[in-house]
Structures are given as structure tokens and as C-alpha cells.
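The lines below spell out each chain.
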Amino acid sequence: GGNLPYVLMALLLLFGAAFFWVVGLVVTAVDAVRERPTVPLRWLAGAAAVVVLTVVLVILGVPTTVRWAHSRPDFAAVVADAEPGLDSTETREISGPTHLGTIDVRWIRQQGDAVRAGTTGGFLSDEGLAHLPDGPFPELTLDSPTPPRFTSLGGGWYRWSASSD
């Protein structure tokens, strides 16, 4: 799904950090045997703690939550400028910025009271953000061959993803 790139990135970071940690541990052990330590063991323990903390934060979605909190006011401004009373079967393009906060945007569309944005970053799926005051509705179209999955972010805001195959 939409989290696959983040999981792969976290695993790559974890394995890369683990490699350097093991190399440092071996160097420290060899130096300790020769009685001339170059890297204190506390540095290796600190590096391991930073790696574990980073992986846990990525798995818990903290970077995504912080990014959304930073970008939400810009999305709210686009929603405030939307045309009121648009029919739920009618779609219109909204010209807007290519960045909303720290999120890159490919397109912004309004359908009824819903405003949705396609964002960059989907590997094998389309993804984006949407303001759906009444939640997802059957007429909502996303030009995707598979039905989108919506995850509530609270307050009528949703994250969506749909397979593009």
C-alpha cells in the first residue's frame, strides 16, 4: 500500500545503521583486546539507541503526523476557497499551489463539498489527501481502477490511496 516506501526506507536505514554499528563494535573489541580503545562503548550504545528510536518513530507514523500538522493550514485555505453548493456528481479542477506546506501536490479537485488533492510519493498506488465533511460518498471519483481506501485524520480530513495497477 501507501506505506511500503516508508517501510522499505526504515528497513534500509536500520540495516545500514546496523552494519556500521557492527563494524564499530568489532573495531572497539579489537582495540580493547589490544588495550588501546579508540571508540568508547557508550558511543556505540548511543548510536544503536538513535537507530532504534528512529525506526520506532517511522513505524508509529510520527514524521507523517508532523508533516500533516504543518501542511494542514494550507489545505484548509484551499478548502475555504472552494465553490459552495457544487453538485456531488460534478467535478471541477482547482488551480492552486504545487506545494501545500511540505506536501507536493499534483492536482486539486472539488466534487460536491469534497476537496481532494493528489500528492506525489505513491510507489505502486495513487495517494492523496481529502477534505470530506460528510465522509466518503458513493459518487466520489478518483480516476482509479480500484476503489480508494480512506483513513480518517480527524475533523473531516482523510488520507486516501488506490492501487494504480
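Notes on the structure in this doc start here. Residue indices follow the written sequence of each chain, beginning from 1 at its first position. With pLDDT at 70 or above as the cut-off, local features in this predicted model cover only qualifying residues; side-chain atom pairs require 80 or more to be listed or tallied, and sums for whole chains, interfaces and linings still use all residues. Each side-chain value is worked out from all heavy atoms of the structure, with water and hydrogens disregarded.

A word on the packing of aromatic side chains
Applied cut-off: Pairing of aromatic side chains here covers Phe, Tyr and the six-membered ring of Trp, requires ring centres within 6.5 Å, and sorts the geometry by plane angle: under 30 degrees stacked, over 60 edge-to-face, intermediate tilted. We call a residue buried when its accessible area falls under 20% of the maximum for its residue type, exposed when it is over 50%, and partly exposed in between, using a 1.4 Å probe and counting protein chains only.
With the rule as written, the count across this model stands at six aromatic pairs. Pairing W68 with F75 gives two aromatic rings, centres 5.7 Å apart and planes at 50°, and the pair type is tilted. Judged by relative accessible area, W68 falls into the buried class, the value being 10%. What makes F75 buried here is its relative accessible area of 5%.

Focus on the nonpolar core
The line we're drawing: For the purposes of this section, nonpolar cores are sets of buried Ala, Val, Leu, Ile, Met, Phe, Trp, Tyr and Cys residues that join through side-chain atoms within 4.5 Å. Segments assigned H or I by DSSP are reported as helices when at least four residues long, segments assigned E as strands when at least two residues long, and all are numbered from the N terminus.
Counting 14 residues, the largest nonpolar core has F75, V78, L100, V105, I108 and V115 as its most contacted members. For this core, the elements supplying multiple residues, two or more each, are α3 (62-80), β3 (103-111) and β4 (114-119). Looking at which element gives the most residues to this core, the answer is α3, with four residues. In this structure, A114, L132, L140 and Y158 belong to the second largest nonpolar core, which totals seven residues.

Some remarks on the pairing of β4
Applicable threshold: Think of it this way: DSSP has to see at least two bridges between two strands before they count as a pair.
Burial of β4 is extensive: six of the six residues sit out of reach of the surface. Burial along β4 is two-sided: A114, R116 and G118 facing one way and V115, A117 and T119 facing the other are all buried. Two strands pair when backbone bridges link them, and β3 and β4 are joined in this way by six bridges, in the antiparallel orientation. Bridge pairing in β4 places W107 opposite G118.

Focus: the pattern of salt bridges
Quick note on the threshold: Think of a salt bridge as a Lys or Arg side-chain nitrogen and an Asp or Glu carboxyl oxygen that are within 4 Å of each other.
Taken as a whole and judged by the stated rule, the model has two salt bridges. With its nearest N and O atoms 3.5 Å apart, the salt bridge here joins E83 to R92. Among the ionic pairs, R109 bridges to E93, the shortest N-O distance being 2.5 Å. Highlighted residues: R109 in strand β3 and E93 in strand β1 (residues 91-93), separated in sequence by 16 residues.

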